[in-house]
Amino acid sequence: MKHLLKLGDLTTAEIISILDLADTLKKENKEGIAHHHLKGKTLGMIFTKSSTRTRVSFEVGMYQLGGNALFLSGNDLQIGRGEPIEDTARVLSRFLDGIMIRTFKQDDVEKLAEYGSIPIVNGLTDYCHPCQVLADLQTIREFKGALNSLKLAFIGDGNNMANSLIVGCIKVGMSVSIACPNGYEPDAEIVKWGYAQGKLEITDSPLKAAENADVIYTDVWASMGQEGEAAIRQKAFEGFQVNDVLMSKAKADAMVLHCLPAHRGEEITAEVLEAHANEIFEEAENRLHAQKAVLVTLMK
Ligand code: CP
Ligand code: NVA
């Protein structure tokens with residue numbers, strides 16, 4: 001494994017090995033055992049979108065691994081003034097040991113990997129969010145004991161989260177039901193792949209998707225970059241809320257996950273979020289552990 005550009009590039013064994021290492025690093029962290037696997041290494045973190053969890057967990061993660069992290073805002077880098085990604089990749093590869101990038105186009109992340117000579121980690125694009133789903137899988141395994149045969153229902157927009165959840169969950173033996181309004185389906189190629197695995201259902205009925213689910217997952221209706229569509233989307237997603245009625249369809253011990261930030265009263269009620277805060281904030285914490293596992297795997 002040279003990069004983490006999207007989960008589709010990883011084998012099941014590679015995903016499980018990251019989850020196992022994430023559990024080990026989490027345990028060592030809790031016990032106060034130092035693990036300076038990346039001593040003297042520097043990670044560059046390019047952001048052309050906002051972030052709380054991704055930025056802080058990568059930066060703290062590098063520190064805990066004995067290395068350094070540089071926050072590089074897209075506005076301040078010359079890419080913000082039109083310097084090609086191909087040149088940025090070749091220059092940064094001479095200074096850094098790895099790059100985490102959060103941006104709009106998946107193609108920019110792929111180009112960074114093609115032209116650079118150091119590991120590239122996708123910290124979210126419009127297409128996918130692989131780091132989040134690795135933390136999600138770590139959290140599900142932690143709460144449920146295993147992943148195989150579990151059902152995850154994703155309620156909402158067929159966005160970057162839906163795309164990565166379909167790939168990540170199916171690769172570890174889970175089944176996925178997506179409930180989204182017509183016209184808001186996940187990526188067509190990913191849907192085709194999911195159907196071919198026999199583990200995917202796409203429906204416009206949230207209650208049907210939630211039936212017997214072990215995990216209910218949701219995300220915002222308007223992602224970063226779609227702020228201008230917020231009003232249209234609020235209308236389109238009416239009825240796609242994770243609330244008590246929807247939860248009554250899922251298994252009695254179903255967990256609720258949300259990548260955060262959450263909009264209470266839109267995709268999830270405050271009641272459901274608070275009732276499942278235990279899982280949701282453990283999920284947020286696991287960003288740190290899962291990403292440290294990715295960094296060690298790629299950069300050690
Ligand atoms: N879930 C997630 O990626 O959060 P941030 O946007 O705060 O990084
Ligand atoms: N779908 C959301 C995820 C944020 C972590 C977005 O892209 O804004």
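Predicted model, so just to flag it, every value in this text is computed and none were measured.

## Observations regarding the site of ligand 1
Now for step 1: Taken together, the residues surrounding ligand 1 are S51, T52, R53, T54, R102, H129, Q132, C259, L260 and R287.
Now for step 2: R53 places a side-chain nitrogen or oxygen 2.8 Å from an oxygen atom of ligand 1.
Now for step 3: For ligand 1, whose accessible area on its own is 250 Å², the fraction buried by protein is 96%.
Now for step 4: Taken together, the residues that form the shell around ligand 1 break down as 2 nonpolar, 5 polar and 3 charged.

## With respect to the environment of E267
Now for step 1: Assignment of secondary structure puts E267 in the loop between β9 (255-258) and α11 (270-275).
Now for step 2: Relative accessible area serves as the criterion here: at 0%, E267 is assigned to the buried category.
Now for step 3: It is 19 Å that separates the C-alpha atoms of E267 and I166, two residues lying 101 residues apart in sequence.
Now for step 4: Every residue in contact with E267, bar those within four places of it in the chain, is listed here: T218, D219, V220, W221, F240, Q241, V242, H258, P261 and A262.
Now for step 5: A polar contact is formed between the side chain of E267 and the side chain of H258, at a distance of 2.7 Å.

## Looking at the pairing of strand β3 (residues 98-102)
Now for step 1: Burial within β3 is extensive, with 5 of its 5 residues counted as buried.
Now for step 2: In this structure, strand β1 (residues 42-47) lies alongside β3, joined through 5 bridges in parallel fashion. Across the sheet, residue I46 finds its bridge partner in β3, namely I101.
Now for step 3: With 3 bridges joining them, β3 and strand β4 (residues 120-122) adopt parallel strand pairing. Of the residues in β4, the one forming a bridge with I99 is I120.

## Structural notes on the sheet that holds strand β6 (residues 175-179)
Now for step 1: Strand order across the open sheet formed by 5 strands is β7-β6-β5-β8-β9, with parallel pairing between neighbours. The sheet terminates laterally at β7 (200-203) and β9, the two strands that pair on one side only. In this sheet, adjacent strand axes meet at a mean angle of 20 degrees when their direction is disregarded.
Now for step 2: As defined by bridge partners, strand β5 (residues 151-155) adjoins strand β8 (residues 215-218) across 4 bridges and the pair is classed as parallel. Its bridge partner being in β8, I155 is matched across the sheet by T218.
Now for step 3: Helix α6 (residues 160-171) contacts β5, β6, β7 and β8 of the sheet and is inclined by roughly 160 degrees relative to β6.

## Observations concerning the site of ligand 2
Now for step 1: In the vicinity of ligand 2, the contacting residues are L124, H129, N159, N160, D219, S223, M224 and L260.
Now for step 2: In the environment of ligand 2, a nitrogen atom lies 2.6 Å from a nitrogen or oxygen atom belonging to the side chain of D219.
Now for step 3: In isolation ligand 2 offers 270 Å² of accessible surface; the protein chains occlude 94% of this area.
Now for step 4: A per-class count over the shell around ligand 2 returns 3 nonpolar, 4 polar and 1 charged.

## Examining the pairing of β6
In the case of a regular strand, side chains alternate between the two sheet surfaces.
Now for step 1: Buried residues dominate β6, accounting for 4 of its 5 residues.
Now for step 2: The pairing of β5 with β6 spans 5 bridges and is classified as parallel. Directly across from L152, in β6, lies its bridge partner V176.
Now for step 3: The parallel pair β5 and β6, bridged by α6, forms a crossover whose chirality is right-handed.
Now for step 4: As judged from the 4 bridges shared by β6 and β7, these two strands associate in the parallel manner. Bridging from a neighbouring strand, I178 pairs with I202 of β7.
Now for step 5: The β-α-β motif built from β6, the intervening helix α7 (residues 188-197) and the parallel element β7 has right-handed crossover chirality.

## Observations regarding the pattern of salt bridges
Now for step 1: What the rule picks out here adds up to 19 salt bridges.
Now for step 2: The partner of R264 in a salt bridge is E274, with the nearest N and O atoms 3.1 Å apart. Of the two residues, R264 is situated in the loop between β9 and α11 and E274 in helix α11; the sequence distance between them amounts to 10 residues.
Now for step 3: In this structure, a network of salt bridges that share partners links the residues K6, D9 and E110.

## Here we look at unusual backbone geometry
Now for step 1: P261 follows L260 through a cis peptide bond whose omega is 5 degrees.
Now for step 2: By secondary structure assignment, the location of P261 is in the loop between β9 and α11.
Now for step 3: Phi is positive for N212, close to 60 degrees, though the residue is something other than glycine.
Now for step 4: Within the secondary structure, N212 sits in the loop between α8 (206-210) and β8.
Now for step 5: What makes N212 exposed here is its relative accessible area of 53%.
Now for step 6: The phi torsion at L260 lies on the positive side, around 70 degrees, for a residue other than glycine.
Now for step 7: Looking at the element boundaries, L260 is found in the loop between β9 and α11.

Reading guide: rules and limits
- Residues numbered from 1 in each chain as written.
- Chains lettered and ligands numbered in written order.
- Predicted model: local features only at pLDDT ≥ 70, side-chain atom pairs only at ≥ 80, totals over all residues.
- Heavy atoms only, no water.
- Near = heavy atom within 4 Å.
- Polar contact = N/O pair within 3.5 Å; in protein donor to acceptor, adjacent residues only side chain to side chain.
- Areas by Shrake-Rupley, 256 points an atom, 1.4 Å probe, with all protein chains shown as cover.
- Nonpolar A, V, L, I, M, F, W, Y, C, P; charged D, E, K, R; others polar.
- Helix = DSSP H or I, 4+ residues; strand = E, 2+ residues; numbered from the N terminus.
- Buried < 20%, exposed > 50% of the residue type's maximum accessible area, 1.4 Å probe, protein only.
- Contact = heavy atoms within 4.5 Å.
- Pairing = 2+ DSSP bridges.
- Axes fitted to C-alpha atoms, helices over the stretch in contact; angles between N-to-C directions.
- Right-handed = clockwise from strand over helix to strand, strands pointing away.
- Salt bridge = Lys/Arg side-chain N within 4 Å of Asp/Glu carboxyl O.

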